[in-house]
Amino acid sequence: MRAVAAFTLKEALRRRLVAVVVAVTGLFLVLLSLGVQAEARLGGPAVALLGGVTVVLVGIYLASPLPALLAVLSSAGAISAEIESGAMQAVLARPIGRAQIVLGKLLGLGALLAAYTLVLYGAVLLIAWAAARATLPDAPAVLGLLVLQPLIIVAATVLGSTFLPTLANGAAAILLYGVAAFGGALEQITAFADVHALSDIGIITSLMLPADAMYRRAAALAAQGQAGGLIWRLAGPASGAATPSPAMVWYALVYVAAAVGGAVWIFTRRDV
Amino acid sequence: MEADGLTRRFGRTLACADISLKVPAGGIFALLGNNGAGKSTFVKMLVGLLRPTAGRAQVLGRPAGDLAARRQIGYLPENFRYPDWATGAEVIGFHATLADIAPVRRRARVADALHRVGLGQAGGALVRSYSKGMQQRLGLACALLGEPPLLFLDEPTSALDPVGRRDVREILQALRAEGRTVFLNSHLLSEVEMVSDAAAIIRGGRVAAAGTLAELLGTAHEAEVRLVGGAALEAAVAALAVRWPVRERQAEGAGVRLVVGLAAPEDVADVAAAVVAAGGRLLGLQARTRSLEDVFIELVRA
């Protein structure tokens, strides 16, 4: 399993995809830094009125699609691409169980995404601190939820790659992420208006893919008890105003376990 | 390797039908058949990539596809493309790890495998820079890794040039000399004939013939006869047909060209005598042994 994980990690790092994501991330961080510093220098409303935490929340909000995108793009062909190329045939003829292959892939991709997410949000926090001396309250819990977000997507996408062609799986994963994010944004409206239908949509999409719910809970935790946090709740679809419950975090963990179990179950039974 | 009634269906398509084969240890066994005859499906069941719909198989005394069996086999798939972002040595190194080769011996084994297939100098290059033939050599190096006693090679020379084909032939002969067993799937019948000890021909997913190469070709002697004879021509042809099956007949001017099957090469003298005794005039007589290709074509067209 370790060999598969190491090879998967090496593949992810060698492919142009990661280079592109790193370049985009660098550009994003530069722009975020310039924007935040300019705001702080001018004593602008975001810093002066809303407090430093808003800078952190804006950074997290803007950065959150990046790990999700990397998760989808790196995992879409985790199993299927090797089946399509025929390379999997030679691997499966080796004395290694199919479950070990799936778990090794997940381990490699999970390590990559966890490291990338921590570096990304670490950089965001550094920028916020440098510009406005802003810090992240309850950092371990918030960062834990933010790391869980791409891991959920990786688990779901690897599950898809055990039975879908790579292209279809990538499209399905992006669609699912989009639907979950849209559902989560709609749900925020219920913090201000009691619209059950929107709340139901948010819950259903969160159950389909609880990744966006983890971002919402992380944002809510970060904003809790902060001066700017109250204002942040008014940020509408971007906010964590309608906060997912702790049960949703447990659901997300069960979701990941079920997706991993499903991927192993399907792959050990499919013909190659 | 022993298969007993191995059957595989894909929906309504019967890819392999009740195939029973026994391949003894040591030597080169070839599985022959048209495209879509079920050769690759059969091998995939033996290495554990496909589950049989019915029947069972044993590989080196273990159920086909189980971990202990896979520990002792090498497999070259028919269609594959190794990761193009890795070097050849990295691909083989990855497989060496999967094959449980001890870390202290891994580097040497990787170098040996690459050297054996002629990629000793190209091991450090990225797979994306390899030609199709080099990729096939890389696949063969993967299969040879760990010196397995049994190798399944699915079309090992299909992408190779004549030099590469000869190289592979020499590798196969060396493997036989080392006492290993090679299960070969190939379309290249002339090459199979050069290296194989035994073969099976499958048609429509069923075994049409199986045996040693000598057995498959044993009754495949024939003679090409050219004769004239005026009024006695048909009498001469009839005299031949009584003793030997006429496989081909073709008019040639005032005469005829026949191909008759012989029980043994020595029968050719009796053919000449029979023509003369019937009043025919012999213009040409040539004994020949049919090739594996002739036997194959005859069987798959039957």
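Residues numbered from 1 in each chain as written. Chains lettered and ligands numbered in written order. Predicted model: local features only at pLDDT ≥ 70, side-chain atom pairs only at ≥ 80, totals over all residues. Heavy atoms only, no water.

## Digging into the sheet that holds strand E11 (residues 221-228) of chain B
Residue and element names in this part refer to chain B.
Part 1 of the reasoning: Here four strands make up an open sheet; going across it, the order is E12-E13-E11-E14 and the pairing antiparallel. If you trace the sheet from one side to the other, it starts and ends with strand E12 (246-252) and strand E14 (281-289), each paired once. Geometrically, the sheet is characterised by an average inter-axis angle of 15 degrees between neighbouring strands, direction not taken into account.
Part 2 of the reasoning: Here helix H9 (residues 233-243) sits on the sheet in contact with E11, E12 and strand E13 (255-262), set at roughly 10 degrees to E13.
Part 3 of the reasoning: The strands touched by helix H10 (residues 268-277) are E11, E13 and E14; relative to E14, the strand with the most contacts, the crossing angle is about 160 degrees. (Pairing = 2+ DSSP bridges. Helix = DSSP H or I, 4+ residues; strand = E, 2+ residues; numbered from the N terminus. Axes fitted to C-alpha atoms, helices over the stretch in contact; angles between N-to-C directions. Contact = heavy atoms within 4.5 Å.)

## Quick look at the interface of chain A and chain B
Part 1 of the reasoning: With 25 residues of chain A at the contact, the number on the chain B side is 30 residues.
Part 2 of the reasoning: Carbon and sulfur atoms supply 57% of the area that chain A and chain B bury against each other, a total of about 2,600 Å² over both sides.
Part 3 of the reasoning: For chain A, the biggest contributors to the area lost against chain B are Phe7(A), Arg94(A) and Pro95(A); these three give 29% of the whole.
Part 4 of the reasoning: Where chain A touches chain B, the interface holds four salt bridges.
Part 5 of the reasoning: Between Asp84(B) and Arg15(A) there is a salt bridge whose closest N-O contact spans 3.9 Å.
Part 6 of the reasoning: Here chain A and chain B share 16 residue pairs in polar contact (both at pLDDT 80 or more) between them.
Part 7 of the reasoning: Looking at the side of chain A that touches chain B, the elements with two or more residues in it are helix H1 (2-14), helix H7 (87-92) and helix H14 (246-269) of chain A.
Part 8 of the reasoning: Top contributing element to the side of chain A that touches chain B by residue count: H1(A), with six residues. (Buried area = accessible area lost by both parts, 1.4 Å probe. Salt bridge = Lys/Arg side-chain N within 4 Å of Asp/Glu carboxyl O. Polar contact = N/O pair within 3.5 Å; in protein donor to acceptor, adjacent residues only side chain to side chain.)

## Re helix H11 (residues 196-208) of chain A
Residues and elements named next belong to chain A.
Part 1 of the reasoning: The end-to-end C-alpha distance of H11, which contains 13 residues, comes to 18 Å, matching closely the 18 Å that a straight helix rising 1.5 Å per residue would cover.
Part 2 of the reasoning: Residues of H11 that are buried include every one of Leu198, Ser199, Gly202, Thr205 and Ser206, and no others. Projected down its long axis, H11 carries its buried residues within an arc of 135 degrees, all on one side.
Part 3 of the reasoning: In this structure, the buried residues of H11 make contact with helix H10 (166-188), helix H12 (211-223) and H14. (Expected span 1.5 Å × (residues − 1). Buried < 20%, exposed > 50% of the residue type's maximum accessible area, 1.4 Å probe, protein only. Arc of directions from axis to C-beta.)

## Description of the sheet that holds strand E5 (residues 62-63) of chain B
Residues and elements named next belong to chain B.
Part 1 of the reasoning: Ordered in space as E2-E1-E4-E5, the four strands form an open sheet in which the pairing is antiparallel. At either margin of the open sheet sits one strand with a lone partner, and together these are strand E2 (13-22) and E5.
Part 2 of the reasoning: Bridging between strand E1 (residues 2-10) and E2 involves six bridges; their strand directions are antiparallel. Across the sheet, Phe10 pairs through a bridge with Thr13, a residue of E2.

## Thoughts on the pattern of salt bridges
Side-chain pairs of opposite charge can arise where the charged atoms are in close proximity.
Residues and elements named next belong to chain B.
Part 1 of the reasoning: Under the definition given, this model contains 24 salt bridges over all chains.
Part 2 of the reasoning: Between Asp197 and Arg176 there is a salt bridge, and its shortest N-O distance comes to 2.8 Å. Taken together, the residues span a long stretch of sequence, with Asp197 in the loop between helix H7 (189-195) and strand E9 (198-203) and Arg176 in helix H6 (residues 162-177) at a distance of 21 residues.
Part 3 of the reasoning: Shared partners join several salt bridges into a network, and the residues in it are Glu224, Arg226, Glu248, Glu252 and Arg257.

## Observations regarding unusual backbone geometry
Residues and elements named next belong to chain B.
Part 1 of the reasoning: One non-glycine residue with positive phi stands out, namely Asp18, at about 55 degrees.
Part 2 of the reasoning: Relative to the assigned elements, Asp18 resides in strand E2.
Part 3 of the reasoning: Looking at Asp18, the relative accessible area reads 51%, which means it is exposed.
Part 4 of the reasoning: Non-glycine residue Leu60 carries a positive phi angle of around 50 degrees.
Part 5 of the reasoning: Tracing the chain through its elements places Leu60 in the loop between strand E4 (54-59) and E5.
Part 6 of the reasoning: The exposure class assigned to Leu60 is partly exposed, which follows from its relative accessible area of 37%.

## Some remarks on the domain arrangement of chain B
Residue and element names in this part refer to chain B.
Part 1 of the reasoning: Each domain of chain B was delimited in the assignment, giving domain 1 (2-214) and domain 2 (219-301).
Part 2 of the reasoning: Just the C-alpha atoms count here: the centres of domain 1 and domain 2 sit 41 Å apart.
Part 3 of the reasoning: Contacts between domain 1 and domain 2 engage eleven residues on the former and seven residues on the latter.
Part 4 of the reasoning: The three residues of domain 1 that bury the most area against domain 2 are Leu189, Ile201 and Arg203, which together make up 52% of that side's buried surface.
Part 5 of the reasoning: Where domain 1 packs against domain 2, one counts zero salt bridges.
Part 6 of the reasoning: On inspection of domain 1 and its partner domain 2, the count reaches two residue pairs in polar contact (both at pLDDT 80 or more).
Part 7 of the reasoning: Those elements giving two or more residues to the side of domain 1 that touches domain 2 turn out to be strand E3 (27-33), H7, E9 and strand E10 (206-212). (Domains from an automatic or database assignment.)

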